[in-house]
Amino acid sequence: MKLRYLSTCLGLVMTSQVQAHGMAPASGWQVNFFTHANSIQREEGTTKREEFTLGESTLFVATNLGNRWSALTEITYQPKLYRDDTVKVERLQLRYELNDDQYFVLGKIHTPMNYWNDTYHHGRVFFPTIYRPLAFERFIPIHDIGLRWGGRGIGDNDLFFDLVLGSGITAEAEHEFFGNGINSATASVGFYPTQDWSLQIGYYADTLIDHETLPGHQMHAVPMPGDAGQDLDYELFAFSSQFENDKYRALTEVSINRTDASDWNYSIFQYGAYKVTPDLSLYGYYDITSVEDGGVHFAPGEEIRAGLGLSYFFTTTGVVKFELIEHENDMLPDAKDGLELRMQVAVGF
């Protein structure tokens, strides 16, 4: 069943959530619009380049349908200059509240693998950095299509959990609702050791059907076993630690993954910030993904970003960020290594 058919079934009711977990407004409708633009100055050896790009524009519409039901969607637009699919349905969800701390969600969701993906939507205003962590470009599935059972605020330590039966990466790439049956499973659990600190672990399992055709597949310089249109079993473990108080913020995202019996790949994202004022933050981060030589589906090698940044909220939903980034990538032959000075302006209405 194509996602566009599911969207017809659910209706054109949907999302706007700036907070996590897809909560609908208490009553009525809520509509928000977010957009951003990037300016980049890059040094590649003796070459200097300047770029200006328009980022995704994101529409959120959310509504409370009554009797514990709510609906949300997230739709993004980007000019064809930057991507082939100019309009994308990023999320399309129908939600039912079982009780005060548990719920079911049906539709296209953000996969609740780690803190980042279950907290930030596609609007960049509230991203702590300009980029997502590198793991999202290869390892971590941002979306899934299926059924999610979740809980929040359970017990003295505010335990939270999510279980998802999904269509998987293959069906999501084709915008299909269980096109190959139940093909993926996600389990995630976490708690708050203190009021300011949360810990979370997650597990994701999927079968990549005809994996050569999927977005993110990167051919090896030397063909590897499994690169002949075969299906691959894929599993991913993730760990998140998020701390934030009035002065400091720290986020750690770690993952390991493998396809079939290949070696384990890993990613590490470490971010730390000091809040000079409530609106102004200084921050730094280190971000690495590594694919072992024995890997299948992903190109072997390492990609690293290390950055220092400044973030300033000039309104409650308007932010400008500056980052000085050292970027290294030996995974791809045309990789653009070097030093970048990047600025992003992101706003929401």
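As a convention, each chain's residues are numbered from 1 in the sequence order in which they are written. In keeping with the model being predicted, local features are shown solely for residues with a pLDDT of at least 70 and side-chain atom pairs are shown and tallied solely at 80 or more, while totals for entire chains, interfaces and linings include all residues. The side-chain figures draw on all heavy atoms in the structure; neither hydrogens nor water molecules are used.

With that settled, the discussion passes to the nonpolar core. Only buried residues count toward a nonpolar core. Its members are Ala, Val, Leu, Ile, Met, Phe, Trp, Tyr and Cys residues joined through side-chain atoms within 4.5 Å. Three exposure classes are used, based on accessible area relative to the maximum for each residue type with a 1.4 Å probe and protein chains only: buried under 20%, partly exposed in between, and exposed over 50%. Judged by nonpolar contacts, the single largest core of 27 residues is most densely connected at Trp 116, Phe 139, Ile 140, Tyr 234, Tyr 271 and Tyr 285. Elements with a minimum of two residues in this core: α2 (115-119), α3 (135-138), β10 (197-208), β11 (232-244), β13 (265-275) and β14 (280-291). Counting from the N terminus, the helices are DSSP H or I runs at least four residues long and the strands are E runs at least two residues long. In terms of residue count, the dominant contributor to this core is β11 (four residues). Filtering out sequence-adjacent residues up to four positions away, Ile 140 remains in contact with Met 113, Asn 114, Ala 135 and Leu 236. With five residues, the next largest nonpolar core counts Phe 60, Val 125, Val 319 and Ala 346 among its residues. Note on contacts: a residue pair is in contact if any heavy atoms of the two residues lie within 4.5 Å.

Another aspect to go through is unusual backbone geometry. With phi around 75°, Arg 68 is a residue other than glycine that occupies positive phi space. For Arg 68, the location among the structural elements is in the loop between β3 (57-66) and β4 (69-77). Positioned with a positive phi, Asp 158 is a non-glycine residue whose angle comes to about 50°. Relative to the assigned elements, Asp 158 resides in the loop between β7 (143-154) and β8 (159-166). Since its relative accessible area comes to 35%, Asp 158 is described here as partly exposed.

All right, on to the pairing of strand β15 (residues 301-315) then. Strand pairing is defined by DSSP finding a minimum of two bridges between the two strands. Strand direction decides the pairing type here: β14 and β15, joined by twelve bridges, are antiparallel. Paired with Ser 281 across the two strands is Ser 311, which belongs to β15. Here β15 pairs with strand β16 (residues 318-329) via twelve bridges, running antiparallel. Looking at the pairing, Tyr 312 lines up with Val 320 of β16. The loop that links β15 with its antiparallel partner β16 comprises two residues.

Patch membership requires more than 30% relative accessible area and the absence of a salt bridge. Residues of like charge join within 9 Å; the nonpolar side chains Val, Leu, Ile, Met, Phe, Trp and Tyr join within 5 Å. Accessible areas in this description were obtained via Shrake-Rupley with a 1.4 Å probe; residue shielding takes into account the shown protein chains only. One side-chain nitrogen of Lys or Arg within 4 Å of one carboxyl oxygen of Asp or Glu is enough to make a salt bridge. Residues scored as positive are Lys and Arg, those scored as negative are Asp and Glu, and His as well as the terminal groups of each chain are ignored. Lys charges are placed at NZ, Arg charges at CZ, Asp charges at CG and Glu charges at CD. Taken together, the side chains of Asp 263, Glu 292, Asp 293, Glu 302, Glu 326, Glu 328, Asp 330 and Asp 337 define an acidic patch exposed on the protein surface. Checked against the element boundaries, Glu 292 lands in the loop between β14 and β15. According to the relative accessible area criterion, Glu 292 is partly exposed, its value standing at 31%.

Take the environment of Gly 153 next. With respect to the helices and strands, Gly 153 occurs in strand β7. Its relative accessible area of 45% is what places Gly 153 among the partly exposed residues. Gly 153 sits 51 residues away from Gln 102 along the chain, and the two C-alpha atoms are 9.0 Å apart. Among all residues touching Gly 153, those that are not within four sequence positions of it are Asp 158 and Leu 159.

Applying the stated criterion across every chain, the model contains 16 salt bridges. Here Glu 51 makes a salt bridge to Arg 42, at a shortest N to O gap of 2.8 Å. Given the relative accessible area of 8%, Arg 42 is considered buried. Put simply, Arg 42, Glu 51, Glu 340 and Arg 342 are held in one network by salt bridges that share partners.

Moving on, we come to the side chain of Gln 102. Mapped onto the elements, Gln 102 comes out in strand β6 (residues 102-110). In this structure the side chain of Gln 102 is engaged in a polar contact, spanning 3.0 Å, whose partner is the side chain of Trp 149. Excluding its chain neighbours within four sequence positions, the residues that come into contact with Gln 102 are Glu 97, Trp 149, Gly 150, Gly 151 and Phe 161. As used in this structure description, the phrase polar contact means that two N or O atoms lie within 3.5 Å; if the pair is within protein, one of them must be able to donate a hydrogen and the other to accept it, and residues adjacent in sequence are counted only when both atoms belong to side chains.

What follows deals with the packing of aromatic side chains. Two rings belonging to Phe, Tyr or Trp (six-membered ring only in the last case) form a pair when the distance between their centres is within 6.5 Å. Interplanar angles under 30 degrees mark stacking, angles over 60 mark edge-to-face geometry, and anything in between is tilted. What the rule picks out here adds up to 18 aromatic pairs. With a centroid separation of 5.0 Å and an interplanar angle of 80°, the aromatic rings of Trp 149 and Phe 161 are classed as edge-to-face. Placement of the pair is Trp 149 in strand β7 and Phe 161 in strand β8, with a sequence separation of twelve residues. What makes Trp 149 partly exposed here is its relative accessible area of 32%. Under the relative-accessibility criterion, Phe 161 is labelled buried at 16%. Here the aromatic residues Tyr 115, Trp 116, Tyr 120, Phe 127, Phe 136, Phe 269 and Tyr 285 are joined through ring pairs into a cluster of three or more.

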